[in-house]
Amino acid sequence: MMDKFKAVILAAGKGTRMESDLPKVLHKVCDQTMVHYVIQAAKDAGATDVIVIVGYQGQLVKREIVDVVDFVEQREQLGTGHAVMCARDLIGSEGDTVILCGDTPLITADTIKKLREKHKHESNGVTVLSAIVDDPTGYGRIIRDSEGNFLKITEHKDCTEEELKVNEINSGMYVFNSEALNFSLDKITNDNSQGEYYLTDTIQIIKSTGLKVNAMPVDDIDEILGVNTKAQLAEAEKIMLSKNQ
């Protein structure tokens, strides 16, 4: 029996900074919607079920996605944790679940596979895809102890002076043990300044149950490039064209 491996793709955002009415994930890179590349990468990495979370103009997103996927609607945008909660019934508690972002068209199946292999090899509750960057401004930092063990993710605005110097960041992509994910989603709250449910909160919850947590830096930093603006869209297209030559 194959281990269950599901993918959840967050594609509910409006993408205000794109300055367009089109839902963010439907913007095209090399003639394909951004979300298509993410779905394809998940399938090529071995995901048997792909669940796409839609929200803003959800009907349009569903219509434009030609791939075979399951859709879940997030009616209110209450954060990444809430988006994944909406898909809980489909995620179930078997095997592993990878969480991906619909606006990172350069993510590859190889990276998802490697992340999952590390996750299984280390028997982790959750494994975070991270990146080592020159300028970590604005990103959540991966905080490790002196021996390199994963401690926590701290959002940029909550970092101490020391933590701000850390250049390993959270990409917002993860492989979870599905059972641990389901359990931790029950425990997260929206008790924060934004009033949102953050998926990152599940990580401390999973860690506090005694399960292992780790992060794996991506080999090629371009893969986690999130597209939020027209300029970043053009940049993603340029990178994709250069990789496909």
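Residues numbered from 1 in each chain as written. Predicted model: local features only at pLDDT ≥ 70, side-chain atom pairs only at ≥ 80, totals over all residues. Heavy atoms only, no water.

Trainee: Please give an account of the overall build of the chain that cites residues and values.
Mentor: When its secondary structure is counted, the chain shows 9 helices and 11 strands. The C-alpha radius of gyration computed for the chain amounts to 17 Å, which stays within 12% of the reference 18 Å derived for 245 residues, consistent with globular compactness. Contacts in the chain between residues far apart in sequence, at least 24 positions, make up 71% of those at least 6 positions apart. As presented, the chain carries roughly 11,900 Å² of accessible surface, and 46% of it is formed by carbon and sulfur atoms. In the chain, 27 positive and 39 negative side-chain charges are present, and the distance between their average locations comes to 2 Å. (Helix = DSSP H or I, 4+ residues; strand = E, 2+ residues; numbered from the N terminus. Rg over C-alpha atoms; globule rule 2.2 N^0.38 Å. Contact = heavy atoms within 4.5 Å. Areas by Shrake-Rupley, 256 points an atom, 1.4 Å probe, with all protein chains shown as cover. Lys, Arg positive; Asp, Glu negative; His and termini not counted. Charge placed at Lys NZ, Arg CZ, Asp CG, Glu CD.)

Trainee: Account for the pattern of salt bridges, naming residues and giving values.
Mentor: Within this structure, the stated rule accounts for 13 salt bridges. Here K120 ties to D3 by a salt bridge, and the two come within 2.7 Å at their closest N and O atoms. In this pair, K120 sits in helix 5 (residues 109–121) while D3 sits in the segment before strand 1 (5–11), placing the two residues 117 residues apart along the sequence. Residue classification places K120 among the partly exposed positions, given a relative accessible area of 39%. Among the ionic contacts, a cluster of salt bridges with common partners joins D3, D96, R116 and K120. (Salt bridge = Lys/Arg side-chain N within 4 Å of Asp/Glu carboxyl O. Buried < 20%, exposed > 50% of the residue type's maximum accessible area, 1.4 Å probe, protein only.)

Trainee: Explain the packing of aromatic side chains residue by residue, including any values.
Mentor: Throughout the structure, instances matching the rule amount to 1 aromatic pair. Centre to centre, the rings of Y174 and F176 are 5.7 Å apart; their planes meet at 50°, and the pair counts as tilted. Note on Y174: relative accessible area 4%, which makes it buried. Its relative accessible area of 0% is what places F176 among the buried residues. (Phe/Tyr/Trp six-rings, centres within 6.5 Å; stacked < 30°, edge-to-face > 60°.)

Trainee: So what's going on with the pairing of strand 7 (residues 124–132)? Which residues, and what values?
Mentor: Along a regular strand, successive side chains alternate from one face of the sheet to the other. For strand 7, a buried count of 8 out of 9 residues is recorded, marking the element as mostly surrounded by other parts of the structure. The sheet contact formed by strand 7 and strand 11 (residues 212–217) spans 6 bridges and is parallel. Bridge pairing in strand 11 places T127 opposite N214. Direction of pairing for strand 7 relative to strand 10 (residues 168–177): antiparallel, over a ladder of 7 bridges. Across the sheet, I132 pairs through a bridge with E168, a residue of strand 10. (Pairing = 2+ DSSP bridges.)

Trainee: I'd love a proper account of the layout of surface pockets, names of residues and values included.
Mentor: Volume-wise, the largest pocket comes out at about 1,700 Å³. Lining of the largest pocket is provided by 46 residues; of these, K24, T80, C101, D103 and N228 occupy positions nearest its centre. Elements that contribute at least two residues to the lining of the largest pocket include exactly strand 1, helix 3 (80–85) and strand 10. It is strand 10 that contributes the most residues to the lining of the largest pocket, 5 residues altogether. Looking at side-chain class alone, the lining of the largest pocket contains 17 nonpolar, 19 polar and 10 charged residues. What the second largest pocket holds in volume is close to 230 Å³. Sorting the residues of the lining of the second largest pocket by element identifies strand 9 (150–154) and helix 8 (201–208) as the ones contributing at least two each. Classifying every residue of the lining of the second largest pocket gives 3 nonpolar, 5 polar and 5 charged. (1 Å grid on protein atoms, 1.4 Å probe; cavity = no way out; pocket = protein on both sides within 12 Å on 5 of 7 lines; lining within 4 Å. Points joined across faces, edges and corners; volume = space filled by probe spheres on them. Nonpolar A, V, L, I, M, F, W, Y, C, P; charged D, E, K, R; others polar.)

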